[in-house]
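Spelled out from the first residue to the last, the chains are:
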Amino acid sequence: MKQHVAIIGAGVAGLATAARLAVKGYSVSIYEQNSKPGGKLGLLKLNGYTWDTGPSLFTQPHLLQQLFTDCGKDIGNYLHYKILAINTRYFYEDGTLLISYKNRLQLGPEIKAKLDIDPDDLFKFLDEIKEMYAHIGSIFLNQPIHSLCTWWGKPIVTALRKVKLPYLFSSMHQYHVRSLRHPKLVQLFDRFATYNGSNPYSAPAVLCMIAHLEMNEGAYYPAGGMISIADALYNLCKDLGVSFHFDTLVQKIEKCKHSVTGITTANGTIPADIVVSNSDVYFTYKNLLGDGKKAQKIKQQERSSSAVIFYWGINRSLKQLGLHNIFFAEDYKAEFNAIFNTHQVYHDPTVYVNITCKMEASHAPDGCENWFVLVNTPDERYITSEDITAIRKNIIDKLTRILGKNIEPYITNEEVLSPDLIAKQTSSYLGALYGTASNNKIAAFLRHSNVSSAYRNLFFAGGTVHPGGGIPLCLRSAKLVADAIEK
Ligand SMILES: Cc1cc2nc3c(=O)[nH]c(=O)nc-3n(C[C@H](O)[C@H](O)[C@H](O)COP(=O)(O)OP(=O)(O)OC[C@H]3O[C@@H](n4cnc5c(N)ncnc54)[C@H](O)[C@@H]3O)c2cc1C
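Definitions and limits used
Residues numbered from 1 in each chain as written. Predicted model: local features only at pLDDT ≥ 70, side-chain atom pairs only at ≥ 80, totals over all residues. Heavy atoms only, no water. Salt bridge = Lys/Arg side-chain N within 4 Å of Asp/Glu carboxyl O. Helix = DSSP H or I, 4+ residues; strand = E, 2+ residues; numbered from the N terminus. Buried < 20%, exposed > 50% of the residue type's maximum accessible area, 1.4 Å probe, protein only. Core = buried A, V, L, I, M, F, W, Y, C linked by side-chain atoms within 4.5 Å. Contact = heavy atoms within 4.5 Å. Expected span 1.5 Å × (residues − 1). Pairing = 2+ DSSP bridges. Near = heavy atom within 4 Å. Polar contact = N/O pair within 3.5 Å; in protein donor to acceptor, adjacent residues only side chain to side chain. Areas by Shrake-Rupley, 256 points an atom, 1.4 Å probe, with all protein chains shown as cover. Nonpolar A, V, L, I, M, F, W, Y, C, P; charged D, E, K, R; others polar.

Q: How should I be thinking about the pattern of salt bridges in this particular structure?
A: Oppositely charged side chains can form a pair if their charged atoms are brought close together. Going through the model one piece at a time under the given rule, you end up with 17 salt bridges. When the shortest N-O distance is used, the salt bridge between Arg401 and Glu93 registers 2.6 Å. Placement of the pair is Arg401 in helix H14 (residues 385-403) and Glu93 in the loop between strand E6 (86-91) and strand E7 (97-101), with a sequence separation of 308 residues. Classification of Arg401 as partly exposed rests on a relative accessible area of 46%. Among the salt bridges present, the one from Glu110 reaches Lys114, with a minimum N-O distance of 2.8 Å. Of this pair, Glu110 and Lys114 both sit in helix H3 (residues 104-115), four residues apart, which is roughly one turn of that helix. Within this structure, Glu93, Asp348, Lys398 and Arg401 form a network of salt bridges that share partners.

In structure tokens, the structure reads:
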């Protein structure tokens, strides 16, 4: 008899876990409260415009490639993607536009021309974070760090040898100042803290390695947009025989002593030999397991930042913009202080504008553009509808100032995603984008394990558990869960 695995949630990690288990011969069912797969990876179509609603940056496609290979499938039959020549265009208040080229032969002259500094310091730093990632990152991200076995053996000894004290005792920002010196470059690299929803002024310097993924390995664009990643995973699962139950809220995980025995939905109880929760770990304990004590413990960990996103139909094309564009706050420290400490809307936010029609003309009507405009914010408790009006005005003021033209009259279509909607649509506690923040030295170690310590056949996959949020880490968490189940 095949063992039955019930997976709660069809986010990236839920789908990837399902595929990995189905190919190993388990009978896998996914229960998803929404009517479609993907979780935070969503799609919005309106009046000829198409927007990806959640993630917009795709890195480390080799993890997806590996998943398909491990499942005996050719990814080329499911997903196409290409590397970007330009990672991001960075706009500063003083009018500087710095283009982050993938290729160092182009990046070097750009740094020299725009910042008037020798790019060698930057290249030295990029080599350092590459090594940091190879030795420390890969151990931490690919291993079950809550298991004692991980902490024995040669790789961990090598990794520990590579840890320099400043990696732990300096903040990302301090380390960037020391290594990169130029304020504009420091700000550019500080921004990578937001890739896991953290604050560069308090996150440990070891997180400087996040930049390696984009700056050394490169950013990619999946044909069709980010939704193609969810579609590819969904089609892979279907081809491997995973059964899907959409519009099905899981209300409870059934348990008996030290085992879980199934899940309960409005249609009754479904027995399962193994349960994997891709739901936010806080809600898994609070609502599904009814373990208020454990939920309370998880609640105490600081959440990652949330965001307000405007999906704008723009009735013209702006040539100076590309796929990924950043308009930096003048005082970055004050902006992070507002997000994480005083929980306020900051008047001069860093604005991220993603325009996929630059890659795919069909995403906007002729001569128009589909702007995805995001600012990081405190969580849902602190963002009111008046705040969203204020954020919209702050964004328009900023873009108008830097682009030198009033963009408000160009906006012909608008939809908004706010922290409360992020929380509601994907059951993400407080609307956090990436689970818990990494704003102190031990935060990463406090992130919940992929394996339950109370129930022998309960597992956790997704952005709120080890190794963390973002698509690449969710894919890794799926592998860790599948490996743990096999063990
Ligand atoms: C606006 C935004 C921008 C982002 N940008 C990026 C980016 O550029 N690059 C990047 O890599 N990452 C980005 N992220 C983060 C990334 O989207 C997430 O880390 C990742 O998608 C989370 O996947 P997950 O597997 O944890 O599941 P989620 O996407 O959190 O999905 C969980 C699923 O479980 C379902 N569920 C929960 N509880 C239940 C229940 N009780 N019963 C049934 N179903 C349930 C939910 O409906 C949901 O579908 C962004 C996120 C957001 C919101």
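Having seen the model, we can carry on.
Q: I'm lost on the nonpolar core in this one. Help?
A: Counting residues in hydrophobic clusters, the biggest one holds 89 residues, and the most contacted among them are Leu122, Phe189, Trp312, Phe327, Trp371, Ile395 and Leu399. Per-element accounting of this core gives the leading share, ten residues, to helix H4 (residues 120-142). Apart from residues no more than four positions distant in its own chain, Phe327 is found in contact with Phe91, Leu321, Pro349, Thr350, Val351, Val353, Lys398, Leu399, Ile402 and Leu403. With 48 residues, the next largest nonpolar core counts Leu64, Leu67, Val242 and Phe244 among its residues.

Q: Please explain helix H1 (residues 12-23) as it appears in this structure.
A: Along an α-helix, residues three or four apart share an orientation, since each turn contains 3.6 residues. With twelve residues, H1 should cover 16 Å at 1.5 Å per step; its first-to-last C-alpha distance of 17 Å lies within 8% of that length. Those residues of H1 lying buried are Val12, Ala13, Gly14, Leu15, Ala16, Thr17, Ala18, Ala19, Arg20, Leu21 and Ala22.

Q: Can you walk me through the pairing of strand E14 (residues 306-314) in this structure?
A: One face of the sheet, then the other: side chains in a regular strand alternate in exactly this way. Counting buried positions along E14 yields nine of nine residues, so the element is predominantly enclosed. On E14, burial covers both faces: Ser306, Val308, Phe310, Trp312 and Ile314 on one face and Ala307, Ile309, Tyr311 and Gly313 on the other are all buried. Judged from the nine bridges that link them, E14 and strand E17 (residues 369-377) form a sheet pairing that is antiparallel. By the bridge assignment, Ile314 is partnered in E17 with Glu369.

Q: Would you mind showing me how to read the site of the ligand here?
A: Around the ligand, the surrounding shell holds 34 residues, and the nearest of these are Glu32, Lys40, Gly463, Gly470 and Ile471. Taking Lys40, its side chain carries an N or O atom lying 2.6 Å from an oxygen atom of the ligand. Here a nitrogen atom of the ligand and a backbone polar atom of Val250 are 2.9 Å apart. Protein chains bury 94% of the 1,000 Å² of accessible surface belonging to the ligand in isolation. Elements with a minimum of two residues in the shell around the ligand: H1, helix H15 (419-426) and helix H17 (471-486). When the residues that make up the shell around the ligand are grouped by side-chain class, the tally is 14 nonpolar, 18 polar and two charged.

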